Amino acid sequence: MSFECIKVTRSQMGKRKALLSLKLQSFSDRDKVWEKHKVNGELVATHYADSQFADYSRRIALCGESLDFELVNDQLKLKNTWFCRVRHCPICQWRRSLKWKAKAYAMMPKLVEDFPKARWLFVTLTVKNCAIADLRETITWMHEGFKRMSKLKAFPATGWIKATEVTMGQDGLAHPHFHCLLMVSPSYFSGAYYLSKERWGSMWQQSLRADYAPIIDIRAVQKGDDLAELIPEILKYQTKESDLTADREWLLELTQQLHKTRAIAIGGVLRDYMRELANEPEDLTDEVTGEQGEENVLTFSWHGDEKHYILEY
């Protein structure tokens with residue numbers, strides 16, 4: 001739908017029935033994801049209500065209640081809204097991922113210029129599932145293990161991004177794991193420098209000082225792959241929305257266990273290039289270039305009873 005159609009519609013409509021047709025998801029298919037995250041946010045807010053995190057409940061309930069968009073080249077760009085910035089808010093979690101993606105794209109040219117022959121590995125490091133009440137202790141143990149592994153002579157990475165993700169296992173236990181993007185020399189793939197999956201697993205077990213062989217996954221990033229797409233993929237969330245909404249008691253304990261822990265770590269030579277990825281983005285709105293007039297601003301308000309954002313008049 002073009003902006004010209006909106007202006008005509010505004011002049012002709014005055015009834016609630018007609019207004020219902022102007023939902024955000026029907027106006028912009030690209031932005032219908034807002035409604036998915038808002039619905040999940042309401043579920044998370046309900047879980048937090050009447051708990052020690054009641055303040056989170058109030059903040060998440062108000063997050064993204066009204067969205068001001070600018071219409072730029074027939075695309076909606078978020079100009080203004082109120083973000084709660086609660087760690088496990090589905091809307092804020094999603095918006096952070098978009099900002100990280102933008103930062104990754106901005107950082108890549110300099111990184112590629114300085115390390116044109118670098119190769120990359122996508123590594124997932126796991127441990128056995130743990131009780132949700134033991135999550136903080138388990139993650140601390142994993143970080144200590146990774147630190148020891150990074151100091152091994154055989155460890156091939158000169159730089160890395162490490163993101164902590166926690167999912168809910170089918171048994172209701174917590175499944176903490178690391179997603180790592182490792183920068184290695186091109187020589188890694190030849191001769192004595194190459195490490196088999198078995199060798200990686202042995203290194204991880206040794207560094208954890210575990211009495212079992214943890215499951216790992218190692219994948220080489222192909223030369224033609226877009227690295228700027230892979231970076232935000234491992235940073236997009238710490239816990240899936242489906243897990244945040246599934247069980248109230250699990251969420252409350254997860255929140256307690258992850259309080260003031262860091263989800264992202266940057267190490268080695270990448271620290272100077274990507275340190276901003278480890279920090280909370282200051283602005284979660286879209287970047288809009290050029291001067292846009294107020295007549296191009298469209299405001300959509302959340303209607304919880306209908307589970308839709310609807311255009312205001």
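What counts, and where the lines are drawn
Residues numbered from 1 in each chain as written. Predicted model: local features only at pLDDT ≥ 70, side-chain atom pairs only at ≥ 80, totals over all residues. Heavy atoms only, no water. Axes fitted to C-alpha atoms, helices over the stretch in contact; angles between N-to-C directions. Helix = DSSP H or I, 4+ residues; strand = E, 2+ residues; numbered from the N terminus. Parallel < 35°, antiparallel > 145°, perpendicular 65-115°, else oblique. Left-handed = near helix turned anticlockwise from the far one by under 90°. Contact = heavy atoms within 4.5 Å. Nonpolar A, V, L, I, M, F, W, Y, C, P; charged D, E, K, R; others polar. Phe/Tyr/Trp six-rings, centres within 6.5 Å; stacked < 30°, edge-to-face > 60°. Buried < 20%, exposed > 50% of the residue type's maximum accessible area, 1.4 Å probe, protein only. Lys NZ or Arg CZ within 6 Å of the ring centre and 35° of its normal. Pairing = 2+ DSSP bridges. Polar contact = N/O pair within 3.5 Å; in protein donor to acceptor, adjacent residues only side chain to side chain.

### Brief notes about the packing of helix α7 (residues 135-150) against helix α11 (residues 248-258)
Step number 1: Contact geometry for α7 and α11: axes closest at 8 Å, N-to-C directions at 45°. Looking at the two axes, α7 sits oblique to α11. Where α7 crosses over α11, the handedness of that crossing is right-handed. Together, L135, R136 and I139 of α7 and L254, Q256, Q257 and L258 of α11 make up the contact between the two elements.
Step number 2: Residue composition of the contact of α7 with α11, grouped by class: four nonpolar, two polar and one charged.

### Comments concerning the packing of aromatic side chains
Step number 1: This model, assessed by the stated rule, comprises 17 aromatic pairs.
Step number 2: An angle of 65° between the planes, with centres 5.7 Å apart, marks the rings of Y48 and F53 as edge-to-face.
Step number 3: Taking 5.9 Å as the distance between ring centres and 65° as the angle between the ring planes, the aromatic pair formed by F146 and W160 counts as edge-to-face. Taken as a pair, F146 in helix α7 and W160 in strand β4 (residues 159-168) lie far apart in primary sequence, 14 residues in all.
Step number 4: Note on F146: relative accessible area 4%, which makes it buried.
Step number 5: Through pairs of rings, three or more aromatic residues link up here, namely W34, F69, W94, F300, W302 and Y309.
Step number 6: Taking the ring centre of F178 as reference, the NZ or CZ of K162 above it sits at 4.6 Å.

### A closer look at the pairing of strand β9 (residues 308-311)
Step number 1: Burial along β9 is two-sided: H308 and I310 facing one way and Y309 and L311 facing the other are all buried.
Step number 2: Judged from the four bridges that link them, strand β8 (residues 297-303) and β9 form a sheet pairing that is antiparallel. Residue H303 lies in a different strand from β9, and its bridge partner there is H308.
Step number 3: Here β8 folds back onto β9, and the loop between the two strands holds four residues, one of which, K307, carries a positive phi near 60°.

### Description of the environment of Y48
Step number 1: For Y48, the location among the structural elements is in helix α4 (residues 33-48).
Step number 2: Exposure remark for Y48: the relative accessible area of 0% places this residue in the buried category.
Step number 3: Separated by 204 residues in sequence, Y48 and L252 place their C-alpha atoms 7.0 Å apart.
Step number 4: Contact partners of Y48, with chain neighbours within four places excluded, come to F53, A54, Y56, S57, I60, H88, L251, L252 and T255.
Step number 5: A polar side-chain atom of Y48 sits 2.6 Å from a polar atom in the side chain of T255.

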